[in-house]
Every structure is written in C-alpha cells, then in structure tokens.
Amino acid sequence: MQWLPEYRDDVPRVERFTWLARFTHWGHTVTFLLCLFTGLILFLDGVNWLAAIFGGYYGAGWVHRISALAMTALIGFGFVFGFKGVLVWIVDLLRFGFNDLKFLVLFPLEFFGFKVKVPPQTRFNGGEKGNSMITPFMVFLLMISGYIMWFPSYFPASWVRVAYPTHDIAMILSTVMVCMHGYLGSFHPGSGESFWGMWKGTVREDWAKHHHAVWYEETYGSMAGEKPKTILGLPVFEEYKSKPKDAE
Amino acid sequence: MANMTNLYDSSICTACRACQVACKNWNQLPASIKPFKGNYQTHEDTDGDTYTIVLMNEVDNAAHGVDWNFAKFQCMHCFDAACMKVCPKGAYTKTEWGATIHDPDKCIGCQYCTYACPFGVPKHRKREDKIAKCTLCADRVTEGLAPACATTCAPGALRFGDRDELIEYARERVKSLQANGYPNATIYGINELGGLNKLYILTDTPDKFGLPVNPQTYGTINFWQNWVQPYFGWLIPVALGASAVSFVTTRLMADKHQDHPVEGGHE
Ligand code: HEM
Ligand code: HEM
Ligand code: SF4
Ligand code: SF4
Ligand code: SF4
C-alpha cells in the first residue's frame, strides 16, 4: 500500500509555493498542532496521560502559550514578508465562481475515490478556497480569544466569558478542517501530489494541468505570455470563462 | 448529613471586621494592603489572600435618611456551583454538608472559575498561580468547630449551624424586622441559584447591600459547558473517521482501475 504519492524528479515539474510560504505553512502547522494537543487536555477535562507527555499540566500550559506566541510570530512574519503572496492568494479566493461551486458539489465523491469530471480550477480549487477562508479565520479567532484568556484581567469580564466558548468552537472548526486538509494534502491519492508543492516547492506538471488547469495555463501554459489585467501589479478579479486552449 | 450553613444578620453586624481578621488568622493569609480611598471600604473585593470582606453600602432611604448597609461577602457555597462545572481539573468538590472546597494541588490557575462564578468569588493568587477562596472552614467544621469568622463575631451576627434550623430562625427574625421599621427585610440565599449554603438576613432588598438580586449563571458559560463542551467536539472524530474511510476507499477503487494506478481523483 502506498502512503504518499512518489516524488518524481524524472518528469517536468512546476513551482507552486515559494520558500517563504512553505516555511510559514509548516511553522504554523507544528505550532498549531502543539497548541491543539496541549489545549485538548483541558477541553477533554483533564486527560492525565496527555498532560504527562508535556510535563504535566503546568508544562502543557506553557507549551500552549509558547507555541501560541510562536504561531502568532510566524503568521505575522509570513504576512509581512510575503505580503504580495498573501494578496495574490486573496485575489485568487475572490475568483470564486461557478467552477468552484461545481467542485464543491462533486468533492464528496472525489474525496472517497469515485472518478468525477471536475471543471478547470484556478490556483486554489473550490475546496481549498473554502479552507483558505474558514481555517485562517478560525485561527484568527483562536488568537484573539486565546490572548484574552491568557490575560483576563486586562479585558472586560464579559469578553472573557465570551472568549471561552469562542476558543473552543474555533478550535473545533479549525481542527475539523485541518483533519481533512492534512489528509487531502498528503495521503489522498488524488490530491496528495500537492504535498510536494508544499514540501519541496514544485508539483508534477501533468498533475498541475489536471488539477489546476486555469492556474497552470495562466502561469506556465498557453496563456503564460499574456499579460493579465492588473492593478498595482496584481491580477484583477476576472471570472474564468473559456477553457484554456490545450487543456483536455 | 444535613447542610451546615453560616447565617449572617445585617441588622446585628457592626462592621467591626473581626471576621476578616479571624479569617486571615485561621487561614494564615498575609495582609493585603490597599491604597486608602477616603472611605471605610478598605478592600473593594476579595482577593487571593482575602477570603472575606465586609461590604459597606451607603444607601439613601426616604424613611430614615441614610442607611449604612453592611454585608459580609465571601464564597456563597452554591449548591449548583458554576465554579465546579467549568473547572477542567475537577479542583472543586462539595462536602456532604454543603461547602464548596477548592483543592490547590489540582488547580492550574486558568481562572475559568473566577469568570464563571456569578459572584466573582474565586481569585487568582499570583504568587502561587492558583485560585484561593473561602473554605467555609471545612477543616474546622470536620473537627466539630464553627468557622473562624462565626466563632469570633462578638455581637453574634454570624451563626453557624443546621441550614433548615437557621432558615426557621431567619424567618422569625425577618418577621420582627418587618414589624419594626424594616418593611423590606428579607432572607437571601434560600432559593437564589437553586439555593446557597450561606444565608443572609437583610434589612432591605439585596441590591441595597451590593448583592445581585436574582443571580444567574452566565448564558455564555452555560452555552460553553452545556453545548460546546459535550457535543460540538464530536465533529473532530467525524472528520478523522471520514478521512480514514477515504484512505481505504480511494485505494480500493484505485485497485479496481488498474489501468489508472494510484493516481485516482478526477480526470
Ligand atoms: C494565539 C493563540 C492562542 C492563545 C494565546 C491561546 C491561549 C489559551 C489559554 C490561555 C488557554 C487557557 C488554558 C490554560 O490556562 O492553559 C487556552 C485553552 C485552550 N486552547 Fe488555546 N490558545 C491559542 C491557540 C490555540 C489553538 C491554535 C488551539 C487548537 C487548535 C487551541 C486550543 C485550546 C483548547 C482546546 C483549550 C482548552 C479550552 C477548554 O478548557 O475547554 N488554542 N488557550
Ligand atoms: C497536518 C498536516 C498538514 C499538511 C499535510 C498540510 C498540507 C498542505 C498542502 C500540501 C498545501 C498546499 C495545497 C495546494 O497545493 O494548494 C496546504 C495549504 C494550506 N494549508 Fe496546510 N497542511 C497541514 C496542516 C495545516 C494547518 C495546521 C493549517 C492551519 C491551521 C494549514 C493551513 C493551510 C492553508 C490555509 C493552505 C492554503 C489553502 C489550501 O490549499 O487549502 N495547513 N497544506
Ligand atoms: S459563590 Fe462562586 S466560588 Fe462559591 S460556590 Fe458559588 S460559584 Fe463557586
Ligand atoms: S483556576 Fe483552578 S480551580 Fe479555577 S477553574 Fe482553573 S483549575 Fe479549576
Ligand atoms: S468560613 Fe472560614 S474561610 Fe470562610 S470567611 Fe469565614 S473564616 Fe474565612
């Protein structure tokens, strides 16, 4: 049985994520998971064996706080130094259109391995667009509510009482997304190749053509030379209408 | 065992604050010195080293000018204690006679209880990073003694004993107060929050004593504890389970289409 798709350097590959994006992504992944496991100790009402892994309850509390600070710093770092990349990302999310809706409808079938015909997708497909909106928003809520819980005496008491359920709900929704996301971005046979995009920076060219046809054509394919309409150097919102010339 | 309660009578209390001192003494708590504010209220609230204070409320009263309303404030030992519900470490327990006890060895200082308590009683003791609050002198009561504050109270404004008997006594007392110029006299603690293991005889309505009139557990805390904690979390195993199922089904289906090996997914 195969876990990850094999990394092939004997086939043409195209760049997908910059060094900065990959560094930030894996940095916040590690710190998020540390926060998650140390936080679950309290959410599950005192799981002693899990606490013991982090040196007891006080140890776990400090791992939670230090990871939280590191995660905040990493996200801030990625945001500042990769600001243009973040804007390009947001612009791609704004291209959410009919093809993305179709993707979302067909996604459950593809998720379990049925063969479906998905319309061409932009840089991020409909599911990734959803993930890109929900997960970062939940992490943002976790950060705001988390700092309120850490320093309750600096905030109005009613905010502290709202922060508790907010922290838990945001934890649950982001973790649900991350479970599916982590699996899709690694062991899922269809989309697993994207793991190498996040790990090494490149994905197989034929995979890119299949899975992100619009992105591929605009960046590396037949439309690569064409200057996209831009404002301030960024591609502008434009719903993808016609199929690129040589996508199948 | 019957509930053992500390009854406080505001019509007898002289605000000498001997109870504050006795509490410090018995529990070996250091002084907590606050800046002088120009009034008698030396401490505005309980703190990590102060389990009880006497609230001094100056209230205008049409009948007798100004009332000086005293109320000894400390943990109310609620029967349905919110502190106990939120504590992720189970640091709170109820004694069989009704005291809410906090175990500092279990406490991790998260302060959930501070914000969940409808009276804001549990306070963070910074030097230990733990919560501290009134124990109803459980260590004394189990030895057959009354709480330190009740023992020391010279005028007898604090009485410790069987809760039902004290309620009987308080009813009589309130009747006589009502007949003697305190028409609003009332008992606090019988039904509040489903019953407090702490009773007050008040010469006026609770709001005139700085006590919440109809205390309720906060809605956000109820939502958190009754809905989010027990149910919402199940979404996570559902997501994990779906991924595990997909791990198997994607591979089984890829095997069926041998012409198109592992690389499943859409065309
Ligand atoms: C900036 C980010 C964060 C900060 C400042 C923060 C802070 C805190 C604090 C202060 C607590 C109280 C518990 C204690 O005193 O140890 C807490 C609890 C918790 N945190 Fe975080 N946190 C952050 C991010 C996260 C993340 C990313 C997760 C998981 C995905 C998470 C999950 C939890 C959970 C499950 C609890 C327990 C809540 C409960 O008892 O029901 N936190 N957090
Ligand atoms: C658990 C292990 C994880 C793995 C294996 C993983 C893998 C990946 C991969 C391969 C991509 C690129 C997808 C593409 O080609 O477009 C990606 C993107 C992304 N990751 Fe992760 N990731 C993990 C954890 C996380 C965590 C913990 C977060 C945030 C809390 C996160 C947030 C994101 C976001 C927002 C994106 C961009 C949107 C998307 O492609 O869905 N990831 N991840
Ligand atoms: S008054 Fe507050 S600390 Fe005391 S038992 Fe009630 S909820 Fe707990
Ligand atoms: S501060 Fe201590 S007693 Fe209060 S909820 Fe947290 S662990 Fe429990
Ligand atoms: S019962 Fe004991 S701990 Fe509570 S206020 Fe009185 S003396 Fe202090």
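Note that the structure is a prediction, hence the values are computed from the model and not measured.

## Details of the interface of chain B and chain A
Part 1: Contact residues are listed per partner, giving 41 residues for chain B and 44 residues for chain A.
Part 2: Roughly 4,300 Å² is buried in total at the junction of chain B and chain A, and carbon and sulfur atoms are behind 65% of that figure.
Part 3: At the boundary of chain B with chain A, the tally comes to zero salt bridges.
Part 4: The interface formed by chain B and chain A holds 12 residue pairs in polar contact (both at pLDDT 80 or more) in total.
Part 5: Looking at the side of chain B that touches chain A, the elements with two or more residues in it are α3 (112–116), α7 (219–228) and α8 (235–256) of chain B.
Part 6: For the side of chain B that touches chain A, the leading source of residues is α8(B), giving 13 residues.

## Concerning the pattern of salt bridges
Part 1: In this structure the tally under the stated criterion is 18 salt bridges over all chains.
Part 2: For E128(B), the salt bridge is made with R125(B), and the minimal N-O distance between the two is 3.2 Å.
Part 3: Accessibility expressed as a relative area gives 11% for R125(B), which makes it buried.
Part 4: The structure contains a network of salt bridges with shared partners spanning R13(A), E193(A), R204(A) and D206(A).

## Quick look at the coordination of the iron atom of ligand 1
Residues and elements named next belong to chain A.
Part 1: Only H64 (NE2) and H167 (NE2) from the protein coordinate the iron atom of ligand 1, and they sit 2.0 Å from it.
Part 2: Of note is the iron atom of ligand 1, whose six donor atoms meet at the metal with angles of 84 to 179° in an arrangement that counts as octahedral. Of this pair, H64 sits in helix α3 (residues 56–81) while H167 is found in helix α7 (residues 157–184), placing the two residues 103 residues apart along the sequence.

## Some points on the site of ligand 3
Part 1: Surveying the vicinity of ligand 3 reveals 13 residues, the closest of which are C75(B), M76(B), C78(B), C83(B) and C117(B).
Part 2: When grouped by side-chain class, the residues that make up the shell around ligand 3 number 10 nonpolar, two polar and one charged.

## Let's talk about the nonpolar core
Part 1: In this structure, Y164(A), M171(A), F73(B), M76(B), Y112(B), F119(B) and L211(B) are the most contacted members of the largest nonpolar core, which totals 81 residues.
Part 2: The dominant element in this core, judged by the number of residues it contributes, is α7(A), at eight residues.

## Regarding the coordination of the iron atom of ligand 2
All names here are of chain A.
Part 1: All of the protein donors around the iron atom of ligand 2 are H25 (NE2) and H181 (NE2); their distances to the metal are 1.9 Å.
Part 2: Each of the six donor atoms around the iron atom of ligand 2 contributes to a set of angles spanning 85 to 179°, which defines the coordination as octahedral. You can see H25 sitting in helix α1 (residues 19–43) and its partner H181 sitting in helix α7, a full 156 residues away along the chain.
Part 3: The exposure class of H25 is buried, given its relative accessible area of 15%.
Part 4: Among the residues examined, H181 registers a relative accessible area of 34% and is labelled partly exposed.

## Regarding the site of ligand 1
Part 1: The environment of ligand 1 is formed by 26 residues, the closest being H64(A), R65(A), H167(A), D168(A) and Q229(B).
Part 2: Site remark: ligand 1 is flanked by residues from chains A and B.
Part 3: Within the side chain of H167(A), an N or O atom sits 2.7 Å from a nitrogen atom of ligand 1.
Part 4: Within the side chain of D168(A), an N or O atom sits 2.8 Å from an oxygen atom of ligand 1.
Part 5: Where the shell around ligand 1 is concerned, the elements lending two or more residues are α1, α3, α6 (126–150) and α7 of chain A.
Part 6: Top element by residues in the shell around ligand 1 is α1(A). It accounts for seven residues.
Part 7: Within the shell around ligand 1, the residues separate by chemical class into 17 nonpolar, seven polar and two charged.

## So, the pairing of strand β1 (residues 4–9) of chain B
All names here are of chain B.
Part 1: Among the six residues in β1, five count as buried, and that is most of the element.
Part 2: Direction of pairing for β1 relative to strand β10 (residues 198–202): parallel, over a ladder of four bridges. The residue of β10 that forms the bridge with Y8 is Y200.

## As for the side chain of K89(B)
Part 1: Structurally, the position occupied by K89(B) is in the loop between α2 (82–86) and β4 (92–94).
Part 2: With no salt bridge to any partner, buried K89(B) finds its closest opposite charge in D103(B), at an N-O distance of 8.2 Å.
Part 3: Leaving out residues up to four positions away in the same chain, K89(B) has contacts with Y57(A), K106(B) and I108(B).

## What to know about the sheet that holds β10(B)
Residues and elements named next belong to chain B.
Part 1: Spatially, the four strands line up as an open sheet ordered β8-β1-β10-β9, and their pairing is mixed. The open sheet is flanked by β8 (158–162) and β9 (186–188), the only strands paired with a single partner. Taking the axes of each pair of neighbouring strands and ignoring which way they run, one obtains an average angle of 25° across the sheet.
Part 2: Across the sheet, helix α6 (residues 163–179) lies against β1, β8, β9 and β10, angled at about 135° from β8, the strand it touches most.

## Re the confidence of the model for chain A
Residues and elements named next belong to chain A.
Part 1: On average, residues of chain A carry a pLDDT of 91, and 90% of them reach 70 or more.
Part 2: Least confident of the elements in chain A is strand β4 (residues 234–235), whose mean pLDDT is 54; most confident is α7, at 98.
Part 3: Low pLDDT, under 50, characterises residues 237–248; the predicted model gives this stretch 23 contacts beyond four residues in sequence or across chains.

## Let's talk about the packing of helix α5 (residues 98–111) of chain A against α6(A)
All names here are of chain A.
Part 1: Interaxial distance between α5 and α6 falls to 7 Å at its minimum, and their mutual angle equals 95°. The angle between the axes of α5 and α6 places the two elements in the roughly perpendicular class. Contact residues: D100, F103 and L104 in α5; G126, G127 and K129 in α6.
Part 2: Of the residues assigned to the contact of α5 with α6, the class counts are two nonpolar, two polar and two charged.

Conventions and cut-offs
Residues numbered from 1 in each chain as written. Chains lettered and ligands numbered in written order. Predicted model: local features only at pLDDT ≥ 70, side-chain atom pairs only at ≥ 80, totals over all residues. Heavy atoms only, no water. Contact = heavy atoms within 4.5 Å. Buried area = accessible area lost by both parts, 1.4 Å probe. Salt bridge = Lys/Arg side-chain N within 4 Å of Asp/Glu carboxyl O. Polar contact = N/O pair within 3.5 Å; in protein donor to acceptor, adjacent residues only side chain to side chain. Helix = DSSP H or I, 4+ residues; strand = E, 2+ residues; numbered from the N terminus. Buried < 20%, exposed > 50% of the residue type's maximum accessible area, 1.4 Å probe, protein only. Donors = N, O, S within 2.8 Å, 3.2 Å for Na, K, Ca; no water. Tetrahedral: all angles 85-135°; square planar, octahedral: opposite > 155°, others 65-115°. Near = heavy atom within 4 Å. Nonpolar A, V, L, I, M, F, W, Y, C, P; charged D, E, K, R; others polar. Core = buried A, V, L, I, M, F, W, Y, C linked by side-chain atoms within 4.5 Å. Pairing = 2+ DSSP bridges. Lys, Arg positive; Asp, Glu negative; His and termini not counted. Axes fitted to C-alpha atoms, helices over the stretch in contact; angles between N-to-C directions. pLDDT = per-residue confidence, 0-100. Parallel < 35°, antiparallel > 145°, perpendicular 65-115°, else oblique.

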